[in-house]
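# Structural characterization, general
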Amino acid sequence: MTTLAPPPAPVREDGARHRSVPPADGGPASRARRLFTGAPEDPRWARPALWAILVLATALYAWNLSSITGNTFYDAAVYSGTKSWKAFFFGALDAGSFITVDKPPFALWVMGLSARAFGYGTWQLMLPMVAVGTGSVALLYRLVKRDFGVVAATISALSLTLTPITVAITRDTNPDPILVFLMLLAAAALLKSVRTGRLIPLVWSAAAIGFAFNTKMMQAYVVLPVFFLVYLWAANASLGKRVRNLAVGTVALIVSSAWWMVVVDLIPASSRPYIGGSTDNTVWDLVIGYNGFGRIFGASSSVGSQGNGAGFGGEAGLYRMFNDTMGGQISWLIPFAAIALVAGLVLRGRAPRTDARRAALMLWGGWFVLHYLTFALAEGTFHPYYVTAMAPGIAALTGAGGVMLYNAFRNGCAAVGVPPAERSRDRGMGWALPVAVAASSVWAVVLLHRVSGSGTLYTVAEVVAGVAGAASVIGLLVARFTKRQRLMGVAALAAVVALLAGPAAYSVSAATSSTNGTNPTAGPSTGGMGGMGGGGGQRPSGTDGGPGTNSSDAPSGSGDGQAMGQPPSNSGTSTADGGSTGSGTTESGTAESGTAESGTAESGSTESGTAESGAADGRTGGGMGGTQVSSAMITYLEKNQDGATWLVAVATDQTASSIILASGEPVISMGGWSGSDDAMTLAKLKSLVKAGKLHYLVVGDSGQGSSNSEISTWVKANGTAVSDYSGLYRLATHERTGFAVRVRTARLLMP
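Parameters at a glance
- Residues numbered from 1 in each chain as written.
- Predicted model: local features only at pLDDT ≥ 70, side-chain atom pairs only at ≥ 80, totals over all residues.
- Heavy atoms only, no water.
- Helix = DSSP H or I, 4+ residues; strand = E, 2+ residues; numbered from the N terminus.
- Buried < 20%, exposed > 50% of the residue type's maximum accessible area, 1.4 Å probe, protein only.
- Contact = heavy atoms within 4.5 Å.
- Areas by Shrake-Rupley, 256 points an atom, 1.4 Å probe, with all protein chains shown as cover.
- Core = buried A, V, L, I, M, F, W, Y, C linked by side-chain atoms within 4.5 Å.
- pLDDT = per-residue confidence, 0-100.
- Patch = residues over 30% accessible without salt bridge, like charges linked within 9 Å, V, L, I, M, F, W, Y side chains within 5 Å.
- Salt bridge = Lys/Arg side-chain N within 4 Å of Asp/Glu carboxyl O.
- Axes fitted to C-alpha atoms, helices over the stretch in contact; angles between N-to-C directions.
- Parallel < 35°, antiparallel > 145°, perpendicular 65-115°, else oblique.
- Left-handed = near helix turned anticlockwise from the far one by under 90°.
- Nonpolar A, V, L, I, M, F, W, Y, C, P; charged D, E, K, R; others polar.
- Phe/Tyr/Trp six-rings, centres within 6.5 Å; stacked < 30°, edge-to-face > 60°.

Scanning the protein chain from N- to C-terminus turns up 26 helices and eleven strands. Counting every position in the protein chain, which comprises 751 residues, the buried fraction comes to 60%. Looking at the protein chain alone, contacts between residues at least 24 apart form 67% of all its contacts between residues at least 6 apart. Accessible surface for the protein chain amounts to roughly 28,100 Å². Of this, 63% is attributable to carbon and sulfur atoms.

Shown next, in the form of structure tokens:
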């Protein structure tokens, strides 16, 4: 008898059932429906699960925006870029374009365009960061889904969302979230080129890496070796075509990476800002030195400027990712990802050369391994938030490798069509699943035990990780021997809970706490320099003009009425960028270059001086060789700017950025981030003073540039000290050569 009943929904290799495919009308209504319900072949839960993960990611990244301080160093550069297109193009710290930040400007351009379109403030700067953070999750989902199915994609997306350091850095204005998004775009284009053998996607992949290079220079190139290897090995094209395509892609990479550097270095130095972080005022030196070999080899590097060995993530070595500082930021899923990578490659060992799954495993595995080795062994400046670039590789291996191991454990084979003679090998690899779950669950308990006593959240997470991990391993073993498929599925869900309980706790902490804008981390402080310090200066909130400023075009202060960039009163230890580390013994700040000494908040002292806000001499202590000035000094400078281009010249970027955000006026940083840049020379200073572009300079003993002593001597000999503010000098338009000039200068300083 003929039946009209539809056939049962087919079962995919990943175990999820397809929906029956309805007739496609191809119209806008169909496309809109698919946006929310997913492709017809996806299970019904897939798209709602994706939307839930994206909502979770957005909530974690954007929760309580008013508490986000951001990195005042980059915040000031973005603000300056909204006031001057020249500063915008070069990535200058100040609107007068005296010196650039120590990174290329692409991330500043993204935030700057948002600020120009919507006004300068917290949400305007954070909007691009939240967008690229959530976009990275969606992009990783799409990439994993294509090769491994919706279950693997869902696990990967959730793993990336709950990576603690990723949550912390996405709630900041550092360029790393944009870097990660661009690298994922490059991976998507590369995999498409591998599948099709076409050249154009490969060129787009190279262009995306080029934009990533113009975001954070050499860090964007960490993935290049595996990109080249995957394409050369697995692309669906002849060997000759693969080589030719790679040659063309290399040209595209060079052009997209070097165009800004070439343009800037070809412009005469007198017509552009000094390149911050360089030793010879060129972007090329910044590439190979401070942002290149200096990061890897540290103080021992003989190429370009050096990283000075500031190890904010602990001592270099293979164990670095598991130490007290880094462990809670990134290492939760590393044991599982490593085991899944090895087992997955073995399971795909005899697949054809162009096998898409093996190519994807090679890509994500290489992404993970190359970043791990680079960050673990780097002897130069290293901050914990750098490792957010490693998170997509770990997350992809967790989802894709986990599904492959589950299928191998359930069926004795991870792939359809494997001959019976090979099933014993695949069945053996299946046992890697309970081993991987056990390893990562135990490590999660260890990490959470390190912070036991830090709060109920971590205690609950420790119990959940331990209980769920044990239940998962036992359930997997019992289900395997009893062949109970439903129990095996429940055990797999328990494994997901066990592996993500710890990261979830840290991520919630990062989303609900104020983090250090210069060196953001998640979770409680566990030692080192990566703990939860105070914010990096006051947060930019609202739009142009606001409380705490005397300039109509200055960025507004924080919600507590403090001028943006100024340390609040009675705050304890002042950070290098103008923030506060709160109570207790913490670091006195962090920096991209150099080292920081610990200060004690109770005594209010740091390596560079007393940290009382609004001290009698008008200055406050500042870590990393910087001197923070009081709001009273800023008010004085604004009243006596007298048409000068720059409000004042100070020693370091940290001090300059704080004053820029407090006043809205350009400020000269003479020594760059650490005070060691030779951006200011005596001849240049005399020229600026003579032209009336600069009237004031703060003299301190913290500058490290070769010309600092000469400049200080000249300023003290030819300038007039402002008695109310220690270290502040008024510079007349001519050197003091007689009594008349002295009298004229004294009259200018009278109230």
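Within the largest apolar cluster, 199 residues are counted, with the highest numbers of intra-cluster contacts made by Phe-227, Met-321, Trp-364, Leu-685 and Leu-728. The residues touching Leu-685, leaving out its near neighbours within four places in the chain, are Met-680, Leu-694, Leu-697, Ile-711, Trp-714, Val-715 and Leu-731.

What follows deals with the environment of Ala-95. Mapped onto the secondary structure, Ala-95 falls in the loop between α4 (85-90) and α5 (106-118). Accessibility expressed as a relative area gives 22% for Ala-95, which makes it partly exposed. Counting along the chain gives 18 residues from Ala-95 to Ala-77, while the straight-line C-alpha distance between them is 8.0 Å. With residues near it in sequence (within four places) discarded, Ala-95 still touches Ser-80, Lys-83, Ser-84, Ala-87 and Pro-666.

With 75% of its residues at a pLDDT of 70 or more, the protein chain shows a mean pLDDT of 80. Predicted confidence is poor over residues 300-309, with pLDDT under 50, and the contacts of this stretch with residues over four places away or in other chains come to 34 contacts. Note that pLDDT drops below 50 for residues 556-626; the model gives that stretch 227 contacts with residues more than four away or on any other chain.

A separate point is a nonpolar patch on the surface. Taken together, Leu-318, Val-369, Leu-373 and Leu-377 make up a surface patch of nonpolar side chains, about 330 Å² in accessible area. Along the polypeptide, Leu-377 turns up in helix α16 (residues 356-377).

On to the packing of helix α10 (residues 199-216) against helix α12 (residues 239-266). As a packed pair, α10 and α12 sit with axes 8 Å apart at the nearest point and diverge in direction by 25°. Here α10 is positioned roughly parallel relative to α12, judged by the angle of their axes. You can see that α10 and α12 cross each other, and the crossing is right-handed. Across the interface between the two elements, Leu-199, Leu-202, Val-203, Ala-206, Ala-207, Ile-209, Gly-210, Phe-211, Phe-213 and Asn-214 from α10 touch Asn-245, Leu-246, Val-248, Gly-249, Ala-252, Leu-253, Ser-256, Ser-257, Trp-259 and Trp-260 from α12. Along the lines of polarity and charge, the residues of the contact of α10 with α12 split into 14 nonpolar, six polar and no charged.

What follows deals with unusual backbone geometry. Positive phi, normally seen in glycine, also occurs at Asn-64, with a value near 50°. The topology assignment puts Asn-64 in the loop between α2 (46-62) and α3 (72-83). Exposure remark for Asn-64: the relative accessible area of 39% places this residue in the partly exposed category. Residues other than glycine seldom take positive phi values, yet Lys-483 does so here, at roughly 55°. As for its position among the elements, Lys-483 is in the loop between α20 (456-482) and α21 (485-512). Residue Lys-483 is classed as exposed on the basis of its relative accessible area, which comes to 66%.

Another aspect to go through is the packing of aromatic side chains. The geometry of an aromatic ring pair comes down to the distance between the two centres and the angle between the two planes. Tallying each qualifying case throughout the model produces 27 aromatic pairs. Ring centres of Phe-106 and Phe-211 lie 5.3 Å apart, and the angle between their planes is 55°; this geometry places the pair in the tilted category. Of the two residues, Phe-106 sits in helix α5 while Phe-211 sits in helix α10, which places them 105 residues apart along the sequence. Judged by relative accessible area, which is 17%, Phe-106 ranks as buried. A residue is classified by how much of its surface remains accessible, and Phe-211, at 37% relative accessible area, is partly exposed. Between the aromatic rings of Trp-109 and Trp-259, the centroid separation amounts to 6.1 Å while the plane-to-plane angle is 40°, which identifies the pairing as tilted. Linking Trp-109 in helix α5 with Trp-259 in helix α12, this pair joins segments that are 150 residues apart in sequence.

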